[in-house]
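Remarks on the overall topology
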Amino acid sequence: MGLTPKFEVPFRIGVGLAALGRPGYINLGREQHLGGRDEASMQAQAFQVLDAAWASGVRWFDAARSYGKAEEFLGAWLRERGIKPSEVCVSSKWGYRYNAGWRVTTDGEPHEIKDHSLAHLRSQTLETAALIGEYVDLYQIHSATLDSGVLDDEAVLAELRAIKAERGWRIGASVSSPAQADVVAKALEAGGDEKLFDALQVTYNVLEQGPHDALVRAAEAGVDIIVKEAMANGRALECAPLVAKAAELDVAPDALALAAVLAQPFRPHVLSGAVTADQLASNLGADACARRLADDPDLLAELMRACRQDGAAYWKDRGALAWN
């Protein structure tokens, strides 16, 4: 499987722009690696990471309407570098709107606001189309949950089918919350006999392994699996068993964390949240490390057992992360 039928990405690792398109995000230690927080400085840093990714062979980039200027930065970079739509795979998302007004501290206001209504889908689709429309391969519901009701909204599902037919964009959904496995199962049922979702993007890492069995079933059903937050917003790098095993194997902890996800049987595509070229280079070391883990399933199983966190505790800790 690949993220798009027209292009087989060389790496199963792509670059996500959640931390590059806006001045505030929740990744640990991010503030140590950013330059200026004004738009020009953030765009320049995004371009540096995108250039490094392209030079390394990465051909998949993931954005969202709520990632500040991420779609704008990505579209500008693609056009300035003369990259053709046939040469790249781009995924984006609708469902949240950016609300921070280019601030890190928002005095209690949410940085992004969820709206899974039909009207919001239509307006954000036009916005994405204007910024990166010719490049989009995959268009995803952003953070589908059981509570939002989006997977039961027949008007929204019909609009997504129309987008797939009229624009040629594949359709996906990102999922969140401790109930990820249940949301994945529901998404697989959406559309009845006519499958709607081509890909599902989930949170999965050495700490949060809850949706594992659901992802195996989804992959067996022919759905592409994309993993976000594969380093748990940096928290995986504080996991003592992972750090110890990385030292034993003589690999970088971030590469091992990503490799442990890449080596899973549902064969996911995995997003790097790097904010510097050096971070990205280290992340890409996961490709070789994943092959090593796949050849040693006992080692992989040992690592996953040692690092696993209770799901409720994981999501409580994530919810406490500060924007920085």
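Quick note: structure is the one above.
Residues numbered from 1 in each chain as written. Predicted model: local features only at pLDDT ≥ 70, side-chain atom pairs only at ≥ 80, totals over all residues. Heavy atoms only, no water.

A few points about the packing of aromatic side chains
- For the structure on display, the rule yields 6 aromatic pairs.
- Considering the side-chain rings of Tyr25 and Trp323, the 5.9 Å spacing of their centres and the 80 degrees angle between planes classify their relative orientation as edge-to-face. Of this pair, Tyr25 sits in the loop between β1 (13–16) and α1 (39–55) while Trp323 is found in the segment after α12 (311–319), placing the two residues 298 residues apart along the sequence.
- What makes Tyr25 buried here is its relative accessible area of 10%.
- Here the aromatic cluster, defined as three or more aromatic residues joined through ring pairs, consists of Trp54, Phe61 and Trp77.
- Above the plane of the ring of Trp54 lies Arg59, whose end atom (NZ or CZ) is 3.6 Å from the centre.
- Positioned over the ring face of Trp169 is Arg167, at 5.2 Å from the centre of the ring. (Phe/Tyr/Trp six-rings, centres within 6.5 Å; stacked < 30°, edge-to-face > 60°. Helix = DSSP H or I, 4+ residues; strand = E, 2+ residues; numbered from the N terminus. Buried < 20%, exposed > 50% of the residue type's maximum accessible area, 1.4 Å probe, protein only. Lys NZ or Arg CZ within 6 Å of the ring centre and 35° of its normal.)

Some remarks on the sheet that holds strand β9 (residues 224–228)
- Taken together, the 8 strands give a closed barrel; going around it, the order is β1-β2-β3-β6-β7-β8-β9-β10, and neighbouring strands pair in parallel fashion. Strand after strand, the sheet turns through a mean of 25 degrees between neighbouring axes, direction not considered.
- The pairing of strand β7 (residues 170–175) with strand β8 (residues 199–203) spans 3 bridges and is classified as parallel. Bridge assignment links Ala173 to a residue of β8, and that residue is Leu200.
- Against the sheet, helix α5 (residues 180–189) contacts β6 (136–144), β7 and β8, and its axis sits at roughly 175 degrees relative to β8. (Pairing = 2+ DSSP bridges. Axes fitted to C-alpha atoms, helices over the stretch in contact; angles between N-to-C directions. Contact = heavy atoms within 4.5 Å.)

Some thoughts on unusual backbone geometry
- Unusually for a residue other than glycine, Trp102 sits at a positive phi of about 60 degrees.
- Structurally, the position occupied by Trp102 is in the loop between β4 (96–98) and β5 (112–114).

Notes on the pattern of salt bridges
- Across all of its chains, the model carries 18 salt bridges by this definition.
- Residue Lys69 is joined to Glu39 by a salt bridge in which the shortest nitrogen-to-oxygen separation is 3.9 Å. Note that Lys69 is positioned in the loop between β2 (60–62) and α2 (70–80) and Glu39 in helix α1, a separation of 30 residues in sequence.
- Its relative accessible area of 37% is what places Glu39 among the partly exposed residues.
- The shortest N-O distance in the salt bridge between Arg79 and Glu134 comes to 2.9 Å. Taken as a pair, Arg79 in helix α2 and Glu134 in the loop between α3 (118–132) and β6 lie far apart in primary sequence, 55 residues in all. (Salt bridge = Lys/Arg side-chain N within 4 Å of Asp/Glu carboxyl O.)

Considering the pairing of strand β3 (residues 89–94)
- Counting buried positions over the 6 residues of β3 gives 6, a clear majority of the element.
- Across the two faces of β3 the burial is the same, with Cys89, Ser91 and Lys93 and Val90, Ser92 and Trp94 all buried.
- In terms of strand pairing, β2 meets β3 through 3 bridges, oriented parallel. Across the sheet, the residue bridging to Trp60 is Cys89, located in β3.

Some points on helix α9 (residues 277–284)
- All of the buried residues in α9 are Leu280, Asn283 and Leu284. Around the axis of α9, the buried residues are gathered within 95 degrees of arc, so they sit on the same side. What points out from α9, more than 90 degrees from its buried face, is the exposed set Asp278 and Ala281. (Arc of directions from axis to C-beta.)

A short note on the packing of α3 against helix α4 (residues 154–167)
- For the pair α3 and α4, interaxial distance at closest approach is 9 Å and the crossing angle is 25 degrees. By the angle between their axes, α3 is roughly parallel relative to α4. The chirality of how α3 crosses α4 is right-handed. Packed against α3, whose contacting residues are Leu118, Leu121, Arg122, Thr125, Leu126 and Ala129, the element α4 presents Ala155, Val156, Glu159, Leu160, Ile163 and Arg167 at the interface.
- Classifying every residue of the contact of α3 with α4 gives 8 nonpolar, 1 polar and 3 charged. (Parallel < 35°, antiparallel > 145°, perpendicular 65-115°, else oblique. Left-handed = near helix turned anticlockwise from the far one by under 90°. Nonpolar A, V, L, I, M, F, W, Y, C, P; charged D, E, K, R; others polar.)

Overview of the packing of helix α8 (residues 253–262) against α9
- Remark: α8 packs on α9, axes separated minimally by 7 Å, with the N-to-C direction vectors making an angle of 50 degrees. Of the possible angle classes, the one that applies to α8 and α9 is oblique. Crossing geometry of α8 relative to α9 is assigned as right-handed. Residues Asp254, Ala255 and Leu258 of α8 lie in contact with α9, whose contacting residues are Gln279, Ser282 and Asn283.
- Here the contact of α8 with α9 is composed, by residue class, of 2 nonpolar, 3 polar and 1 charged.

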